[in-house]
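So the chains spell out like this:
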Amino acid sequence: MASEETELRFRNAHGETLAATFCLPTGQGRRPAVLLCQGLSGVRNLVLPEVAHALASGGIASLRFDYCGFGDSSGERGWIDPTARVADAKYALEALLARSEIDPTRAGIYGHSYGGPVAVHVAASDRRIRALVSVSGPGSGSDMLRAARPAWAWVELRHRLDQERSRIAAGQSPEVVDIGEIFPFSPKFESAYAELQASQGGTSALEGADGLGKSQFYLASIDRMLAFHPEAAASDLGHCATLLINGEDDDTAPVETVEPVFRALAGTKRWDLVIGADHNDLDSDPGLAQALVAVVEWFHAHLK
């Protein structure tokens, strides 16, 4: 099914302008709609366009957006703040459901990678959301960050965070670090992700803003990530049918970190483990295309 895309702008609670793309399948009648939440990159032009097109082929509209401080959205650059991302997503949901082409009684939400726990939190707080899908979504911030490090490096990081809080409390500017110091990726992941960015046009997130490179963030972001617990929000999803899809060999969002989230989920739920797949395999085809078959089927079934 063909679709049309419209560029949108809306504001969040702090008056920052968020950039978004609305994708509408052609045809008559009000459509079910799904809000698309991006992962760590924070921008709408990676992976999510393919998700939007797959949904449109099934007659489902969608809205994808750049988080505050990322891509084409305004706001301070350099923070990875999942709680702020949840707040942005709530405003994006209102912008989506306010459109005349949309049936607000048939709303869903999709989270990719680090957008998975964002989607869980948004759905837990809004009973209008009837279906949720998380692809490659991790568990709690502490589980995710600890799983990426040996024990000695985790202890070292905790002490470094203590020192960073002391520096900031004394009036110094937050320390800027490369993303690898916040979240160490495997060499395989870094190589595959670089190819993904190149093939899909890259990302403007943080580039040339406030002296920060596009892969640089504030070290103190870790405190905000550690406070994020999707397993707690999952227990409030009794109204929402939830599908989790994860690669069995994911070394970025290991399945062990996702188990507490799945156990806590209330209501209808399913967890698909893709045998032999890692995180990157579900970022691009053929793995992404295969996962999107289940995604579209899930939303069809629960947004009737």
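For the structure, check the block above.
Description of the structure in this document. (Residues numbered from 1 in each chain as written. Predicted model: local features only at pLDDT ≥ 70, side-chain atom pairs only at ≥ 80, totals over all residues. Heavy atoms only, no water.)

**Comments concerning the overall build of the protein chain**
In terms of helices and strands, the protein chain carries eleven helices and ten strands. The globule rule puts the C-alpha radius of gyration for 304 residues at 19 Å, and the 18 Å found for the protein chain is close to it. Across its three principal axes, the protein chain shows a C-alpha extent of roughly 60 × 40 × 35 Å. The burial tally for the protein chain puts 54% of its 304 residues in the buried class. A fraction of 76% describes how many contacts in the protein chain between residues 6 or more apart in sequence connect residues 24 or more apart. By element, 51% of the accessible surface of the protein chain is carried by carbon and sulfur atoms, the whole surface being about 12300 Å². (Helix = DSSP H or I, 4+ residues; strand = E, 2+ residues; numbered from the N terminus. Rg over C-alpha atoms; globule rule 2.2 N^0.38 Å. Buried < 20%, exposed > 50% of the residue type's maximum accessible area, 1.4 Å probe, protein only. Contact = heavy atoms within 4.5 Å. Areas by Shrake-Rupley, 256 points an atom, 1.4 Å probe, with all protein chains shown as cover.)

**Here we look at the packing of aromatic side chains**
One pass over the structure, following the stated rule, counts seven aromatic pairs. Centroid distance F65 to Y67: 5.2 Å. Interplanar angle 85°. Geometry classified as edge-to-face. A single burial state applies to F65 and to Y67, both of which are buried. These aromatic residues form a ring-pair network of at least three members: F183, F185 and F189. (Phe/Tyr/Trp six-rings, centres within 6.5 Å; stacked < 30°, edge-to-face > 60°.)

**Side note on the side chain of N12**
Counting through the fold element by element, N12 comes out in the loop between β1 (3–11) and β2 (17–25). At 3.1 Å, the side chain of N12 forms a polar contact with the side chain of D88. Each residue touching N12, except ones within four places of it in the same chain, is listed here: L18, C68, D88 and Y91. (Polar contact = N/O pair within 3.5 Å; in protein donor to acceptor, adjacent residues only side chain to side chain.)

**Points about the nonpolar core**
The biggest cluster of nonpolar side chains holds 90 residues, and the ones touching the most others in it are L35, Y110 and F299. Considering each element in turn, this core owes the most residues, eight residues, to helix α11 (residues 287–302). Those residues within four positions of L35 in sequence are excluded, and the remaining contacts are L63, F65, A89, A92, L93, L96, G108, I109 and Y110. (Core = buried A, V, L, I, M, F, W, Y, C linked by side-chain atoms within 4.5 Å.)

**Quick notes on the pattern of salt bridges**
For the structure on display, the rule yields 15 salt bridges. Notably, a salt bridge pairs E101 with R99, separated by 3.2 Å at the nearest N-O pair. Under the relative-accessibility criterion, E101 is labelled partly exposed at 23%. Here R106 and D103 are joined by a salt bridge, their closest N and O atoms 3.0 Å apart. When sorted by exposure, R106 lands in the same class as D103, which is buried. Connected through salt bridges with shared partners, the residues E7, R44, D66 and D72 form a single ionic network. (Salt bridge = Lys/Arg side-chain N within 4 Å of Asp/Glu carboxyl O.)

**A short note on α11**
Compared with the 22 Å implied by 1.5 Å per residue over 16 residues, the 23 Å span of α11 between its first and last C-alpha is a close match. Residues G287, L288, A291, L292, A294, V295, V296, W298 and F299 constitute the buried set of α11. Buried positions along α11 lie against β3 (31–37), α1 (48–57), β5 (102–112), β6 (129–135), β9 (241–247) and β10 (269–274). (Expected span 1.5 Å × (residues − 1).)

**Focus: the side chain of R77**
Its location among the elements puts R77 in the loop between β4 (61–65) and α2 (82–97). For R77, a relative accessible area of 13% translates into the label buried. Only 3.3 Å separates the side chain of R77 from the backbone oxygen of G71, close enough to count as a polar contact.

**Thoughts on a negative patch on the surface**
Residues E248, D249, D251 and D281 make up a contiguous surface patch of negative charge. The residue D281 is located in the loop between β10 and α11 in this model. On the basis of relative accessibility, which here comes to 34%, the residue D281 falls in the partly exposed class. (Patch = residues over 30% accessible without salt bridge, like charges linked within 9 Å, V, L, I, M, F, W, Y side chains within 5 Å. Lys, Arg positive; Asp, Glu negative; His and termini not counted. Charge placed at Lys NZ, Arg CZ, Asp CG, Glu CD.)

**Looking at the sheet that holds β2**
Hydrogen bonding along the main chain pairs the strands of a sheet, whether they run parallel or antiparallel. Reading across from one edge, β1-β2-β4-β3-β5-β6-β9-β10 is the order of the eight strands in this open sheet, with mixed pairing throughout. Because the sheet does not close on itself, it has two edges, and the strands there are β1 and β10. Strand-to-strand twist across the sheet, computed as the mean angle between neighbouring axes with direction ignored, equals 20°. Sheet topology places β3 next to β5; six bridges connect them, and they run parallel. In the strand pairing of β5, L36 is matched with Y110. Contacting β1, β2, β3, β4 and β5, α1 crosses the sheet at an angle of about 165° to β3. (Pairing = 2+ DSSP bridges. Axes fitted to C-alpha atoms, helices over the stretch in contact; angles between N-to-C directions.)

**Looking at the environment of A123**
Relative to the assigned elements, A123 resides in helix α3 (residues 115–124). Sequence separation between A123 and I109 is 14 residues; the distance between their C-alpha atoms is 7.3 Å.

**Quick word on the environment of D251**
Counting through the fold element by element, D251 comes out in the loop between β9 and α10 (255–264). Judged by relative accessible area, which is 44%, D251 ranks as partly exposed. In this structure the side chain of D251 is engaged in a polar contact, spanning 3.1 Å, whose partner is the side chain of S186. Within the structure, the side chain of D251 is placed 3.5 Å from the side chain of T252, a separation counted as a polar contact.

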